[in-house]
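Okay, here's what each chain looks like letter by letter:
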Amino acid sequence: MEYSAVIISGELAQDHEFIYPYYRLKEENINLDVCLVGGKEVNGILGTRLPPNKDQEVIGLDSLDIQKYDLIILPGGVKCMEKIRLEKQLISFIHEFNSKGGLIGCICSGVQLLISANVVSGRKISGYYSLQIDIENAGAVYTDLPAVVDKNIVTTAHYKDMGPWMKEVIKKLK
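Bear in mind that the values here come from a model prediction, so they are computed numbers and not experimental data.

### What to know about the packing of aromatic side chains
The description of two aromatic rings rests on the distance between their centres and on the angle between their planes.
Right, on to step 1. Enumeration over the complete set of coordinates arrives at four aromatic pairs.
Right, on to step 2. The interplanar angle of 20° and the centroid separation of 6.1 Å between the aromatic rings of Phe 18 and Tyr 22 together place this pair among those described as stacked. Within this pair, Phe 18 and its partner Tyr 22 are both found in helix H1 (residues 15–27), separated by four residues, close to a single helical turn. Each member of the pair, Phe 18 as well as Tyr 22, carries the same accessibility label: buried.
Right, on to step 3. Ring centres of Phe 93 and Phe 97 lie 5.9 Å apart, and the angle between their planes is 25°; on these two criteria the pair is classed as stacked. Of this pair, Phe 93 and Phe 97 both sit in helix H3 (residues 88–99), four residues apart, which is roughly one turn of that helix.

### A few points about the sheet that holds strand E5 (residues 58–59)
Right, on to step 1. Here we have seven strands laid out as an open sheet, ordered E5-E2-E1-E6-E7-E11-E10, and mixed in their pairing. With partners counted over all chains shown, the strands left at the sheet margins are E5 and strand E10 (148–150), one partner each.
Right, on to step 2. In terms of strand pairing, strand E2 (residues 31–36) meets E5 through two bridges, oriented parallel. Counterpart to Cys 35 in the pairing with E5 is Ile 59.
Right, on to step 3. Contacts from H3 reach strand E1 (4–9), strand E6 (71–74), strand E7 (103–107) and strand E11 (153–156) within the one sheet, and its direction differs from that of E6 by about 135°.
Right, on to step 4. On top of the sheet, helix H6 (residues 162–173) reaches E6, E7, E10 and E11; it is set at about 175° to E7, its chief contact.

### So, the packing of H1 against H6
Right, on to step 1. Here H1 crosses H6 at 40°, and the two axes come no closer than 11 Å. Taken together, the axes of H1 and H6 lie oblique to each other. Considering only the axes of H1 and H6, their crossing is right-handed. Of H6, the residues touching H1 (which contributes His 16, Glu 17, Tyr 20, Pro 21, Arg 24 and Leu 25) are Met 162, Gly 163, Trp 165, Met 166 and Ile 170.
Right, on to step 2. When its residues are assigned to classes, the contact of H1 with H6 shows seven nonpolar, two polar and two charged.

Rules used throughout
Residues numbered from 1 in each chain as written. Predicted model: local features only at pLDDT ≥ 70, side-chain atom pairs only at ≥ 80, totals over all residues. Heavy atoms only, no water. Phe/Tyr/Trp six-rings, centres within 6.5 Å; stacked < 30°, edge-to-face > 60°. Helix = DSSP H or I, 4+ residues; strand = E, 2+ residues; numbered from the N terminus. Buried < 20%, exposed > 50% of the residue type's maximum accessible area, 1.4 Å probe, protein only. Pairing = 2+ DSSP bridges. Contact = heavy atoms within 4.5 Å. Axes fitted to C-alpha atoms, helices over the stretch in contact; angles between N-to-C directions. Parallel < 35°, antiparallel > 145°, perpendicular 65-115°, else oblique. Left-handed = near helix turned anticlockwise from the far one by under 90°. Nonpolar A, V, L, I, M, F, W, Y, C, P; charged D, E, K, R; others polar.

Written as structure tokens, this is what we have:
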């Protein structure tokens, strides 16, 4: 079976949290789009140009199609998340994608997008440690494990756990 995924992020994303899933998905021969708010390459917080491959086409929010994707990846980067969580079109996309049962992989401060999309209530969710109170205030049960799976959402708190997290994301996808 052929799968399609999209990584959604923006300026000042956490480089590791973008690059690791990017190449893991490519290793699995998953059709991959990169959607960056603004529709063009950006700099990660550590200075990496995202996306990391020069030949990777970047799409904007207007090109997102819920029917096209089996998986969305939401990397972190607190400065990035504080800005892109204000994009109503993005938040609506995440909410609708979750409603149809689409698989969501989310790491670190990317959980801010899940909170803004109102999809965490009643679920076990991980995210960056400083966001525990936000996660709980959104009605979720904060769970600090390397990979937290709750139905169609797979989360982790920190890039030190990207291996187990992506292993669960890919297992759930396939």
